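A look at the structure
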Amino acid sequence: MIKTYVGLGSNLGDSRQIMAEAVQKMAQIGSVQASRLYQSPPMGPQDQPNYHNAVVVLETELAPLDLLDRLQALEQEAGRVRLRHWGERTLDLDLLLYGNEQIQHPRLTVPHVGVLERDFVLLPLLDLDADLQLNGQSLKDLEIVKQSNLTVLADANWAAL
Ligand code: ROI
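Scope of this entry: the structure provided in the associated data block. Keep in mind the model is a prediction, meaning the values are calculated, not measured.

About the thresholds
- Residues take numbers from 1 onward in each chain, read along the sequence in its written order.
- Thresholds applied to this predicted model are a pLDDT of at least 70 for local features of residues and 80 or more for the giving and counting of side-chain atom pairs; totals over whole chains, interfaces and linings are not thresholded and use all residues.
- In computing side-chain values, all of the structure's heavy atoms are included and hydrogens and water are not.
- Starting at the N terminus, helices and strands are each numbered in turn, a helix being any DSSP run of H or I of at least four residues and a strand any DSSP run of E of at least two.
- In this treatment the radius of gyration is a C-alpha quantity, and the globule benchmark scales as 2.2 Å times the residue count to the 0.38 power.
- Throughout this description, buried means an accessible area under 20% of the type-specific maximum (1.4 Å probe, protein chains only), exposed means over 50%, and partly exposed covers the range between.
- Note on contacts: a residue pair qualifies if any of its non-hydrogen atoms lie within 4.5 Å across the two residues.
- We treat Lys and Arg as the positive residues and Asp and Glu as the negative residues; His and chain ends play no part in the count.
- In this description, the location of a charge corresponds to atom NZ of lysine, CZ of arginine, CG of aspartate or CD of glutamate.
- Nearness is defined per residue: one heavy atom within 4 Å of the molecule or strand is enough.
- Polar contacts here mean pairs of N or O atoms no more than 3.5 Å apart (in protein, one a potential hydrogen donor and the other a potential acceptor; neighbouring residues in sequence count only if both atoms are side-chain atoms).
- A 1.4 Å probe and the Shrake-Rupley method give the accessible areas. Residues count as covered only by the protein chains that appear here.
- Basically, the charged four are Asp, Glu, Lys and Arg, the nonpolar ten are Ala, Val, Leu, Ile, Met, Phe, Trp, Tyr, Cys and Pro, and anything else, Gly included, counts as polar.
- To form a nonpolar core, buried Ala, Val, Leu, Ile, Met, Phe, Trp, Tyr and Cys residues must be joined to one another through side-chain atoms within 4.5 Å.

**Concerning the overall build of the protein**
- Secondary structure summary: the protein contains four helices and ten strands in total.
- When the helices and strands of the protein are read in sequence order from the N terminus, they spell out β-α-β-β-β-α-β-β-β-α-β-β-α-β.
- For the protein, the C-alpha radius of gyration of 15 Å lies close to 15 Å, the compact-globule estimate for 161 residues.
- On the principal axes, the C-alpha backbone points of the protein span a range of 40 × 35 × 35 Å.
- For the protein, buried positions account for 49% of its 161 residues.
- Of the contacts formed within the protein by residues at least 6 apart in sequence, a portion of 69% connects residues at least 24 apart.
- Averaged over its 13 positive side-chain charges, the protein has a centre that lies 3 Å from the centre of its 21 negative ones.

Following this line, the structure appears as structure tokens:
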């Protein structure tokens, strides 16, 4: 079993419902546990709605690209709409971490680029593992984590697994 972390983001439609359904479907891929649910201001163009963000830890036997295929299928099932680059979207599922593996592939970079710069990824990751490290760096010690002002919308039961 590999411990993987998947980031969820949405700012179109009923984001909480869309994300909860995606987490429930992920439970068919492996065992799933969700972080709290956050609201975060958009990174990118500012004339778009705030995002809902969360992370799930997913323990699975799937190989990285097979997992990516499954996540992309779930995005499509959610009726994924993406209107512009760095713009609003119905559902984003990002494979953030896959065990301790470093993956460089045309379709997939793991750890996901930007993990260390995005509070809307770091705070939910820390919900799931307060001592999580990346490249020997303790995530909880990052300045961006200490300064973050994300809003917590719901505790870890939001996905109703
Ligand atoms: N901004 C926030 N706050 N949350 C996201 O999930 C998110 N996803 C994106 C971009 C457009 C970079 N901005 C985001 O893909």
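The rest of the description comes next.
**A look at the site of the ligand**
- What surrounds the ligand is the set Gly-9, Ser-40, Pro-41, Pro-42, Met-43, Tyr-51, Asn-53, Trp-86, Arg-89, Asp-92 and Phe-120.
- Measuring from a nitrogen atom of the ligand, one finds a backbone N or O atom of Pro-41 at 2.8 Å.
- In the complex, the protein chains occlude 94% of the 350 Å² of accessible area that the ligand would expose alone.
- In terms of residue class, the shell around the ligand is built from six nonpolar, three polar and two charged.

**Some details on the environment of Glu-21**
- Within the element layout of this structure, Glu-21 appears in helix H1 (residues 15-26).
- Sequence-wise, Glu-21 and Asp-155 are 134 residues apart; in three dimensions their C-alpha atoms are separated by 16 Å.

**Concerning the environment of Met-43**
- Residue placement: Met-43 occurs in the loop between strand E3 (37-40) and strand E4 (51-60).
- Through-space distance from the C-alpha of Met-43 to that of Gly-87 is 8.9 Å; in sequence the pair is 44 residues apart.
- Among all residues touching Met-43, those that are not within four sequence positions of it are Gln-48, Trp-86, Glu-117, Arg-118 and Phe-120.

**Some details on the nonpolar core**
- Judged by nonpolar contacts, the single largest core of 29 residues is most densely connected at Val-6, Leu-8, Met-26, Val-56, Leu-93 and Trp-158.
- Considering every element that reaches this core, the biggest residue donor is H1, with six residues.
- Once residues within four sequence positions are removed from consideration, Met-26 is found in contact with Val-6, Leu-8, Val-32, Val-56, Leu-58, Leu-71, Leu-74 and Leu-93.
- The next biggest cluster of nonpolar side chains, apart from the first, holds 20 residues, and it includes Tyr-38, Leu-122, Leu-132 and Leu-150.

Distances and angles like these do not, on their own, reveal function.
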